[in-house]
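Residue-level listing of the chains:
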Amino acid sequence: MTDAHEPPSPALLDALRDAALDVLFEGLRDVDGEVAALSQARDRSAVETDEQPIAVLYEVLAGVAALEIHAAIEHALATWKKAPLVACRPHDHLKPERQHQLQQRPMDTAALKRMGFQAVAETPAQLPAILRELEERGSTGELTPPSGTESALLPTALLLPDKLNVNTLRAAFELVASLHFTNDQKSAAHTALAGLSSLVRADRWTIYLTGESGGAGAALSLEPLAARGLTLSEREGHDNELRRALLGDELTLPGAESKAAREAVANLEIIRKTERGRRFIALPLTSGEKLSGVLEGVREGAHARAFTHRDVALLGALALPLAYALGNALRIAEAERLSLTDDLTKLHNARYLRQYLLSEIKRARRYGTSCTALFFDLDNFKLVNDLHGHLVGSHVLMEMASIILSSVRDTDVVARYGGDEFVVVLPESNVEQSAFVAGRVREKIERHVFTGGRGMRLQLTASFGVAAFPHHAQSPQQLIASADAAMYEAKAAGKNCIRFANAPPDIFQSEKALS
């Protein structure tokens, strides 16, 4: 089976031809949400479609979506119920520029096997040996799990287990559907745990996120994201800090994960274990090649039962949509962050500045505090670009970002407004305090030797405009415009100086009335 829009790779055709195999190709396409198969016999016209094949082979191209693979698996299971599924990853099928456009490699072997493939050929040349091995095992091609292991009883496909009652099916589909409406990781985790608690009983469910604990080659760390419920010992214990952490909105106890959770992450398998009288189940949350976290369930008590094969199958089927929800939330957050960040200096951009000023001025108006803005740009910066080139100019702007950040408080907001223009917002600061900060930044710029990234010794200065809410402006737009106008007054006054905005007449009138 292959995508209807992509022919089988030449290497795959050669491998099957050299093995003298009877082959039926099916190009899969999506028609109104249903998979349609376009069959074409190849190499031998006598191929019978009702024969039981040695295997069903699916080409996994770079960039293919998991849902497409899922649809192919469902089609194969419905058409050839007992045939083993084999995946082939033809790395040479796509041109390098096409792979670069997709910015995604084929799924790794572990991910494909978790999705339901019994064998994976890393290259088409490996196919004949894999098919011979499957043929020797018999028509079912089933793989025998290692004896004595309590680890993965993984679902053979992205399907819910058989013989679920109507209420369980409805709850499972409602859980998956609700995950589509989450846009951040914490809400996705809490939504998932609320749904899981009604499907599989556990005293406590926890979701941990994975992250690097150190440099290259370091082990993955597990950071708790969300928890639901308490075990008996946690409810009766005297550790109030633990109880507050588990019952509160924030779970703040890293390192509390079970050995089962760590094994699930290390082996990318579903693990069931008993630890200190507790029954644990842990499922790695993976989407494609990305491991995003681990789901951990625990049962405690003298009559606590181990998690069953049915629990494993149901949780394994639901782990994938949960992993995708967490991954999508992370991508949304990263896209949002990038949309509010200046690419060059990594400072906030004008879009973020507008949003921040809107909320900050609302807060200042509500609590009767002040908020000031410094608007400044480099003097004669155009000469730097004209004489030394734009690469040097870009590096100078990055150096500027470092100077500004080292001169303000952590609570102050620094943004690149555009070109060589910068804005610093100082919440809960009056004009006098802002003048002091502006003077400090101006002096640092004047004393700094800019290298331009090439060991140069460039001396630059900047002109500053200062405006404050509510003294000079009543809105975010007025605040920036007033500070900008004051900055141009500084330019007209000879540059490398600070000027203050003039209060509009209506403000002076209100101040006189108050006095």
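None of the values given here were measured: they were computed from a predicted structure. (Residues numbered from 1 in each chain as written. Predicted model: local features only at pLDDT ≥ 70, side-chain atom pairs only at ≥ 80, totals over all residues. Heavy atoms only, no water.)

Counting through the fold element by element, Ala172 comes out in helix H6 (residues 166-179). Sequence separation between Ala172 and Gly195 is 23 residues, and the spatial gap between their C-alpha atoms is 7.5 Å. Leave out the neighbours within four places in its chain, and Ala172 touches Leu160, Leu199 and Leu318. (Helix = DSSP H or I, 4+ residues; strand = E, 2+ residues; numbered from the N terminus. Contact = heavy atoms within 4.5 Å.)

The subject of this paragraph is the packing of aromatic side chains. Each aromatic ring pair is specified by the distance between its two centres and by the angle formed by the two planes. Inspection of every chain in the model, using the stated rule, returns 6 aromatic pairs. For the pair Trp205 and Phe307, a centre-to-centre distance of 6.3 Å together with 55° between the ring planes defines the contact as tilted. Pair noted here: Trp205 is in strand S7 (residues 204-212) and Phe307 is in the loop between strand S11 (290-300) and helix H11 (309-339), with a separation of 102 residues, a long-range link. On the basis of relative accessible area, Trp205 is assigned to the buried category, the value being 1%. What makes Phe307 buried here is its relative accessible area of 2%. Residues Phe375 and Tyr417 carry aromatic rings whose centres are separated by 5.3 Å and whose planes lie at 65° to one another, so their mutual orientation is edge-to-face. Taken as a pair, Phe375 in strand S12 (residues 371-378) and Tyr417 in strand S13 (residues 413-418) lie far apart in primary sequence, 42 residues in all. Among the aromatic residues, those joined into a ring-pair cluster are Phe376, Phe422 and Phe464. Positioned above the aromatic ring of Phe307 is the side chain of Arg299, whose terminal nitrogen or guanidinium carbon lies 4.0 Å from the ring centre. (Phe/Tyr/Trp six-rings, centres within 6.5 Å; stacked < 30°, edge-to-face > 60°. Buried < 20%, exposed > 50% of the residue type's maximum accessible area, 1.4 Å probe, protein only. Lys NZ or Arg CZ within 6 Å of the ring centre and 35° of its normal.)

All right, on to the nonpolar core then. Grouped together as the largest cluster of nonpolar side chains are 32 residues, with contacts concentrated most on Trp205, Ile207, Ile281, Leu285, Leu295 and Leu326. Here this core takes 9 residues from H11, the largest share from any one element. When neighbours within four sequence positions are excluded, Leu295 is seen to be in contact with Leu193, Leu196, Trp205, Thr206, Ile207, Ile281, Ala282, Leu283 and Leu285. One finds Val392, Val437, Phe450 and Met456 within the second-largest nonpolar core, a separate group that totals 30 residues. (Core = buried A, V, L, I, M, F, W, Y, C linked by side-chain atoms within 4.5 Å.)

If you walk across this open sheet you meet the 5 strands as S13-S14-S12-S15-S16, and the pairing is mixed. A strand with exactly one partner marks an edge of an open sheet, and here the two such strands are S13 and strand S16 (498-500). Between one strand and the next, the sheet's axes are offset by a mean angle of 20°, whatever the strand orientation. Of the strand pairs in this sheet, strand S15 (residues 462-469) and S16 are connected by 3 bridges, and their pairing is parallel. If you follow Phe464 over to S16, its bridge partner there is Ile498. In this fold helix H12 (residues 350-367) packs onto S12, S13, strand S14 (421-427) and S15, with an angle of close to 25° to the strand it touches most, S14. The strands that helix H14 (residues 390-405) touches are S12, S13 and S14; relative to S12, the one it contacts most, it runs at about 150°. (Pairing = 2+ DSSP bridges. Axes fitted to C-alpha atoms, helices over the stretch in contact; angles between N-to-C directions.)

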